[in-house]
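Examination of the molecular architecture
One-letter residues, chain by chain:
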Amino acid sequence: MHLQEEQLNEIREMAKLFFSPDDIAMNIGMDPEEFRFEIHSGAGEIFSAFKQGWLQGEIPLRKSIARAAENGSNPAQLKMLDLKKESELKLEL
């Protein structure tokens, strides 16, 4: 499936703000089931745009958690440990 650059930018922006795949699909005029299929395929321009947007939102969030952890926030430290464990599990696969 090929989308216009404007639609791909909208996917990035909405994913960056952690909108649900169904909300993004509705906003760009795409069938939600087809959109979810494209994301779960792990390939293609829709998956790439969604993943890029998600990471653009996730990076500053994790930086904020890391700063809080460095400043002694116990919940933030626990969250960083959870994120570390998640990454380690993905590396093992």
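Right above here is the structure, for reference.
Before going into details, it helps to say that this report is about the structure given with it.

Cut-offs applied
Residues numbered from 1 in each chain as written. Predicted model: local features only at pLDDT ≥ 70, side-chain atom pairs only at ≥ 80, totals over all residues. Heavy atoms only, no water. Helix = DSSP H or I, 4+ residues; strand = E, 2+ residues; numbered from the N terminus. Buried < 20%, exposed > 50% of the residue type's maximum accessible area, 1.4 Å probe, protein only. Lys, Arg positive; Asp, Glu negative; His and termini not counted. Salt bridge = Lys/Arg side-chain N within 4 Å of Asp/Glu carboxyl O. Contact = heavy atoms within 4.5 Å. Axes fitted to C-alpha atoms, helices over the stretch in contact; angles between N-to-C directions. Parallel < 35°, antiparallel > 145°, perpendicular 65-115°, else oblique. Left-handed = near helix turned anticlockwise from the far one by under 90°. Nonpolar A, V, L, I, M, F, W, Y, C, P; charged D, E, K, R; others polar. Core = buried A, V, L, I, M, F, W, Y, C linked by side-chain atoms within 4.5 Å.

Our focus in this paragraph is the side chain of E38. Within the secondary structure, E38 is located in helix α3 (residues 32-41). Notably, E38 is buried but unbridged: the nearest opposite-charge side chain belongs to R36, and the N-O separation is 12 Å. Discounting chain neighbours no more than four positions away, the residues touching E38 are M1, M30, A43, I46 and F47.

Okay, the packing of helix α1 (residues 5-16) against helix α2 (residues 21-28) next. At a closest axis distance of 10 Å, the pairing of α1 and α2 adopts a crossing angle of 150°. The angle between α1 and α2 places the two elements in the roughly antiparallel class. The chirality of how α1 crosses α2 is right-handed. In contact with Q7, E10, I11, M14 and A15 of α1, α2 contributes D23, I24, N27 and I28. Residues of the contact of α1 with α2, tallied by class, amount to five nonpolar, two polar and two charged.

Ranked by internal contacts, the top residues of the largest apolar core, which has 14 residues, are I11, I24, F35, I46 and F50. The set of elements that each furnish at least two residues to this core consists of α1, α2, α3 and α4 (44-70). In terms of residues, this core owes the most to one element, α1, which gives four residues. Discounting chain neighbours no more than four positions away, the residues touching I11 are L3, I24, I28, F35, I46, A49 and F50.

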